[in-house]
Amino acid sequence: MAQSNFDRRRINGPEESYQPIFEPDEEVDSRWKPGSPRKGRAARDIRPIFLQAGLINQANGSAYIETEKTKIACAVYGPRQSKTTVYNEKGRLNVEVKFTPFSCTRRRVPIRDAEDRSVAVQIQQALTSAVRLELLPKSTIDIFVTIIENDGIEGCIAAGSVAASVALADAGIEMLGLVASCSTAVVGEEIWMDPTEQEGHIASGSLVYAGMPALGTITNLWQSGSMTPEQAVKCMEACQECCTDIHAVMAQALLETAQNT
């Protein structure tokens, strides 16, 4: 009996194959030219925000935020007793940031690096002034921020601060106010709100603003690149106006969570 060439243990490919048809590259067509307006939205517009609290049942408080291609989940555990033997009159706020391996265009190694720590430091500085740590002696609050999708480091810091603030409020931790955060970039002579990763590459400088709109205070500022003092002041004023709208979204998300529970 002649042996058949068909292998039943393997999936054989088709007898005929065709060359794949690729769609045109959108990045080449969407390159910004000096003097041209911003594509997709106006210079002072931010991306739509989806924010929901209380998604992680195992945590004391949690929040999920999504702004187009930026997706972040945050969980808060505590307050719980500090493991150190030294007595502290004020509590301690610990922030840990992790990028998922598939969060960026190039796959990331699942270990902590300098970028993770720098984002964690900025989020911690933005939140420390708002949390009443003097009411929690010898206690720690652990905040875990997981960046599921990354579309610009500035947007991750801003969105992470917003999600962490909502998660702290969802955990019932006493705060002076909700911390809203927004980022800006100087592109040419214009100020673009909430820049994406591609817009951040063409920007000469960027600024991340965090504050409590209810009290009119600033908790953290982070500026990188080249920027004049006049441009920095304009960026701060634009962020301050934008944070008022973001604060309303945060309050609405917490209200809906409280009504559903």
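Note that this is a predicted model, so its numbers are computed, not measured.

J.: How would you sum up the overall build of the protein chain? Please name residues and give values.
T.: Across its full length, the protein chain carries five helices and nine strands. Starting at the N terminus and ending at the C terminus, the protein chain contains elements arranged as α-β-β-β-β-α-β-α-β-β-α-β-β-α. The buried share among the 261 residues of the protein chain stands at 42%. For the protein chain, the exposed area adds up to about 15600 Å²; of that, 51% sits on carbon and sulfur atoms.

J.: Before we move on, could you go through the packing of helix H3 (residues 153–170) against helix H5 (residues 229–260) and cite the residues and values that matter?
T.: Two elements in contact, H3 and H5, have axes whose closest approach is 11 Å; the angle formed by their N-to-C orientations is 35°. Here the hand of the crossing between H3 and H5 comes out right-handed. Along the contact surface, H3 presents Val162, Ser165, Val166, Ala169 and Asp170, while H5 presents Ile246, Met250, Leu254 and Thr257.

J.: I'd love a proper account of the sheet that holds strand E4 (residues 92–99), names of residues and values included.
T.: One open sheet holds the five strands; their spatial order is E1-E2-E3-E5-E4, and the pairing between them is mixed. One side of each edge strand has no neighbouring strand; the edge strands of this open sheet are strand E1 (50–53) and E4. Each strand axis lies, on average, 15° off the axis of its neighbour in the sheet, ignoring direction. As paired elements, E4 and strand E5 (residues 139–149) share eight bridges and run parallel to each other. Its bridge partner being in E5, Val97 is matched across the sheet by Val145. On top of the sheet, helix H2 (residues 114–128) reaches E4 and E5; it is set at about 145° to E4, its chief contact.

J.: Account for the pattern of salt bridges, naming residues and giving values.
T.: Overall, the coordinates contain eight salt bridges when judged by the stated rule. In this structure, Arg41 and Glu199 form a salt bridge, with 3.9 Å as the shortest nitrogen-oxygen distance. Of this pair, Arg41 sits in the loop between helix H1 (26–29) and E1 while Glu199 sits in helix H4 (residues 197–202); the two residues are 158 residues apart in sequence, bridging distant segments of the chain. Judged by its relative accessible area of 16%, Arg41 falls in the buried class. On the basis of relative accessibility, which here comes to 11%, the residue Glu199 falls in the buried class. The shortest N-O distance in the salt bridge between Glu149 and Lys71 comes to 2.7 Å. Placement of the pair is Glu149 in strand E5 and Lys71 in strand E3 (residues 70–81), with a sequence separation of 78 residues. What makes Lys71 buried here is its relative accessible area of 18%. Sharing partners across several salt bridges, the network here consists of Arg47, Asp151 and Asp194.

J.: Describe in detail the sheet that holds strand E9 (residues 217–225), supporting the description with residues and values.
T.: With respect to topology, four strands assemble into an open sheet ordered E7-E6-E8-E9, the strand pairing being antiparallel. Looking at which strands have only one partner, the edges of the open sheet turn out to be strand E7 (190–193) and E9. Along the sheet, successive strands turn relative to each other by an average axial angle of 20°, direction set aside. Across seven bridges, strand E6 (residues 180–187) lies against strand E8 (residues 205–212) in antiparallel orientation. Within the sheet, the bridge partner assigned to Val186 lies in E8 and is Gly205. Where H3 meets the sheet, it contacts E6, E8 and E9, and its direction lies at approximately 165° from that of E6.

J.: Any chance you could break down the environment of Lys98 for me, citing the residues and the numbers?
T.: Examined against the element boundaries, Lys98 turns out to sit in strand E4. A C-alpha to C-alpha distance of 9.5 Å links Lys98 and Glu115, two positions 17 residues apart in sequence. With sequence-adjacent residues up to four places away left out, Lys98 is seen in contact with Val145, Thr146 and Ile147.

J.: Could you give an account of the environment of Ala232, naming the residues involved and the relevant values?
T.: Relative to the helices and strands, Ala232 is located in helix H5. Sequence-wise, Ala232 and Gly205 are 27 residues apart; in three dimensions their C-alpha atoms are separated by 9.3 Å. Leave out the neighbours within four places in its chain, and Ala232 touches Leu207 and Met227.

Parameters at a glance
Residues numbered from 1 in each chain as written. Predicted model: local features only at pLDDT ≥ 70, side-chain atom pairs only at ≥ 80, totals over all residues. Heavy atoms only, no water. Helix = DSSP H or I, 4+ residues; strand = E, 2+ residues; numbered from the N terminus. Buried < 20%, exposed > 50% of the residue type's maximum accessible area, 1.4 Å probe, protein only. Areas by Shrake-Rupley, 256 points an atom, 1.4 Å probe, with all protein chains shown as cover. Axes fitted to C-alpha atoms, helices over the stretch in contact; angles between N-to-C directions. Left-handed = near helix turned anticlockwise from the far one by under 90°. Contact = heavy atoms within 4.5 Å. Pairing = 2+ DSSP bridges. Salt bridge = Lys/Arg side-chain N within 4 Å of Asp/Glu carboxyl O.

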